[in-house]
Amino acid sequence: MPFEAVVLNKTSGEGQLRARSPIDCELQKEYTFIIQAYDCGTEPSGTNWKKSHKAVVHIQVKDVNEFAPAFKEASYKATVTEGKIYDSVLQVEAMDEDCSPQYSQICNYEIVTTDVPFAIDRNGNIRNTEKLSYDKEHQYEIMVTAFDCGQKRATEDVLVRVEVKPVCKPGWQDWKRHIEYKPGSGSIPLFPIIHLETCDGPVSSIHATVELQTNYIGKGCDRETYSEKSLQKLCGASSGAIDLLPTHSAANNWTAGLLMDSNDMVFKFDGKQGAKIPDGIVPKNLTDHFTITMWMKHGPSPGLRAEKETILCNSDKTEMNRHHYALYVHNCRLVFLLRKDFDQADTFRPAEFHWKLD
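The notes below deal with the structure included here. Everything quoted here is computed from the prediction, not taken from an experiment.

### Quick notes on the overall build of the protein
Scanning the protein for helices and strands turns up 2 helices and 21 strands. A total of 358 residues make up the protein; the buried ones form 22% of that total. Put simply, of all contacts in the protein between residues at least 6 apart along the chain, 51% involve residues at least 24 apart. Summing over all exposed atoms, the protein offers an accessible surface of approximately 26,700 Å²; the carbon and sulfur share of this is 51%.

In structure tokens, the structure reads:
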């Protein structure tokens, strides 16, 4: 018992109850004991003394805010997925060794680091205030402090690391769509660091198909290896076939200035230029039996889908607004327009033919 009772005045009976050593609230918050007084007795030797009634003494130790809050962990770490708002990313917790509720409870947490998209509540729950982006920041490091209800701050702030994880997309990762290859350089690995991202999901089987294409206009078509005459023979053209896009020469100068691929047989049209074939090369009107042969690779349309992309057209020479015949692409269809002159038409026949392109 760290208390003692002493007599201050024997005549008046005044006494004092005092502590024999420092009292620590953290060791014991309160004490209860019984005290009793004795007189000096009737004999010179002090015998035959009498006792008073017993009194119960209850002492409650008042706390002093001597301890500062301290976090349970040396640091905290959490991982979040980008693009989400979390109610709680993680929770930090601090403790205070003071004995009273006023000083032992943690009343507030605070993020010390400025300009970070996070907030913390009174219970230590940290949440993000905006959607996080992996491309913007892979990891955030924020410092957090705590205050007890006596507004005493933690002696050491705690470090919180929040790692931002990109949204997981199942599929093949780390492979390139474009590969540079020099002829004669031998074999090269197509996908040296490719891997399959499963996002921790189960995989029962894997089936992969690799398709290779070149940047050449022909895209690997076997016809690019044939000569012009071989192509005409292969496609069934007659010996009297007229080549509308011949290789440029002094006699055939209407293909001058056209974009060409490395192969002289292949021309490239961008929708802004064309070839005007001189009069006399092709007839004004087609006969009842005719053949139009072409080989074409059609790329994405530069304009609106409703625009016509003319391949071949024979029109009036004056205003050029009336087509005698035309071959064009329109809304994913190959269309052939054929109009006969009034003196040619003996019966009504279809004027347009449509083929849907896949």
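Additional details are given in the paragraphs that follow.
### Concerning the sheet that holds strand S10 (residues 118–120)
Ordered in space as S7-S11-S10, the 3 strands form an open sheet in which the pairing is antiparallel. Each of the sheet's edge strands pairs with one partner strand only, and the pair in question is strand S7 (90–91) and S10. Note: S7 against strand S11 (residues 125–128), 2 bridges, orientation antiparallel. Looking across to S11, one finds that Leu90 is bridged to Ile126.

### As for the nonpolar core
Counting 24 residues, the largest nonpolar core has Phe71, Val92, Tyr109, Phe118, Ile126, Val144 and Val160 as its most contacted members. Of all the secondary structure elements, the ones that give two or more residues to this core are strand S6 (75–81), strand S9 (106–111), S10, strand S12 (139–148) and strand S13 (158–165). Residues in contact with Phe118, not counting those within four places in the same chain, are Ile111, Ile126, Arg127, Asn128, Thr129, Leu132, Tyr140, Ile142 and Val162. Counting residues in hydrophobic clusters, the runner-up holds 8 residues, among them Leu286, Leu312, Phe336 and Leu338.

### A word on the pattern of salt bridges
Taken as a whole and assessed by the stated rule, the structure comprises 4 salt bridges. Across the pair Lys72 and Glu93 runs a salt bridge whose closest N-O atoms are separated by 3.1 Å. With a gap of 21 residues between them, Lys72 in the loop between strand S5 (70–71) and S6 and Glu93 in the loop between S7 and strand S8 (94–95) connect regions that are remote in the sequence. Residue classification places Lys72 among the partly exposed residues on the basis of a relative accessible area of 44%. Judged by its relative accessible area of 39%, Glu93 is partly exposed. Between Arg161 and Glu141 there is a salt bridge, and its shortest N-O distance comes to 3.3 Å. In this pair, Arg161 is assigned in strand S13 and Glu141 in strand S12, connecting sequence segments 20 residues apart. According to the relative accessible area criterion, Arg161 is partly exposed, its value standing at 29%.

### Regarding the state of the cysteines
Per the stated rule, a full pass over the model turns up 3 disulfides. Each disulfide pairs two cysteine sulfurs, and for Cys25 the partner residue is Cys99, the sulfurs being separated by 1.6 Å. Between Cys25 and Cys99, the S-S torsion sits near 90°, and that sign places the bridge as right-handed. With a gap of 74 residues between them, Cys25 in the loop between strand S2 (14–19) and strand S3 (30–35) and Cys99 in the loop between S8 and helix H1 (101–104) connect regions that are remote in the sequence. Each member of the pair, Cys25 together with Cys99, is buried. Covalently, Cys168 is tied to Cys199 through a disulfide, its sulfur atoms 1.7 Å apart. Between Cys168 and Cys199, the S-S torsion sits near -100°, and that sign places the bridge as left-handed.

### Observations regarding the sheet that holds strand S21 (residues 352–356)
Overall, antiparallel pairing links the 4 strands, which are arranged S18-S19-S20-S21 in an open sheet. A strand with exactly one partner marks an edge of an open sheet, and here the two such strands are strand S18 (309–315) and S21. When the angles between neighbouring strand axes are averaged without regard to direction, this sheet yields 10°. Here strand S20 (residues 333–338) runs beside S21; their pairing, made up of 5 bridges, is antiparallel. Residue Phe336 lies in a different strand from S21, and its bridge partner there is Phe353.

### Concerning the environment of Glu4
Structurally, the position occupied by Glu4 is in strand S1 (residues 3–9). Look at Glu4 and you get partly exposed, because its relative accessible area is 28%. In this structure, the C-alpha to C-alpha distance between Glu4 and Arg20, residues 16 residues apart in sequence, is 6.4 Å. Glu4 has contacts with Gln16, Leu17, Arg18 and Arg20, leaving out every residue within four places of it along the chain.

### Notes on the packing of aromatic side chains
Tallied over the entire structure, the rule returns 9 aromatic pairs. On the basis of an interplanar angle of 80° and a centroid distance of 4.8 Å, the ring pair of Tyr38 and Trp49 is categorised as edge-to-face. With Tyr38 in the loop between S3 and strand S4 (55–60) and Trp49 in the loop between S3 and S4, this pair connects stretches of sequence that are 11 residues apart. The exposure class assigned to Tyr38 is partly exposed, which follows from its relative accessible area of 47%. Following the ring pairs from residue to residue traces out a cluster consisting of Phe290, Phe336, Phe353 and Trp355.

Conventions and cut-offs
- Residues numbered from 1 in each chain as written.
- Predicted model: local features only at pLDDT ≥ 70, side-chain atom pairs only at ≥ 80, totals over all residues.
- Heavy atoms only, no water.
- Helix = DSSP H or I, 4+ residues; strand = E, 2+ residues; numbered from the N terminus.
- Buried < 20%, exposed > 50% of the residue type's maximum accessible area, 1.4 Å probe, protein only.
- Contact = heavy atoms within 4.5 Å.
- Areas by Shrake-Rupley, 256 points an atom, 1.4 Å probe, with all protein chains shown as cover.
- Pairing = 2+ DSSP bridges.
- Core = buried A, V, L, I, M, F, W, Y, C linked by side-chain atoms within 4.5 Å.
- Salt bridge = Lys/Arg side-chain N within 4 Å of Asp/Glu carboxyl O.
- Disulfide = S-S within 2.5 Å.
- Axes fitted to C-alpha atoms, helices over the stretch in contact; angles between N-to-C directions.
- Phe/Tyr/Trp six-rings, centres within 6.5 Å; stacked < 30°, edge-to-face > 60°.

The analysis is restricted to geometry; functional conclusions fall outside its scope.
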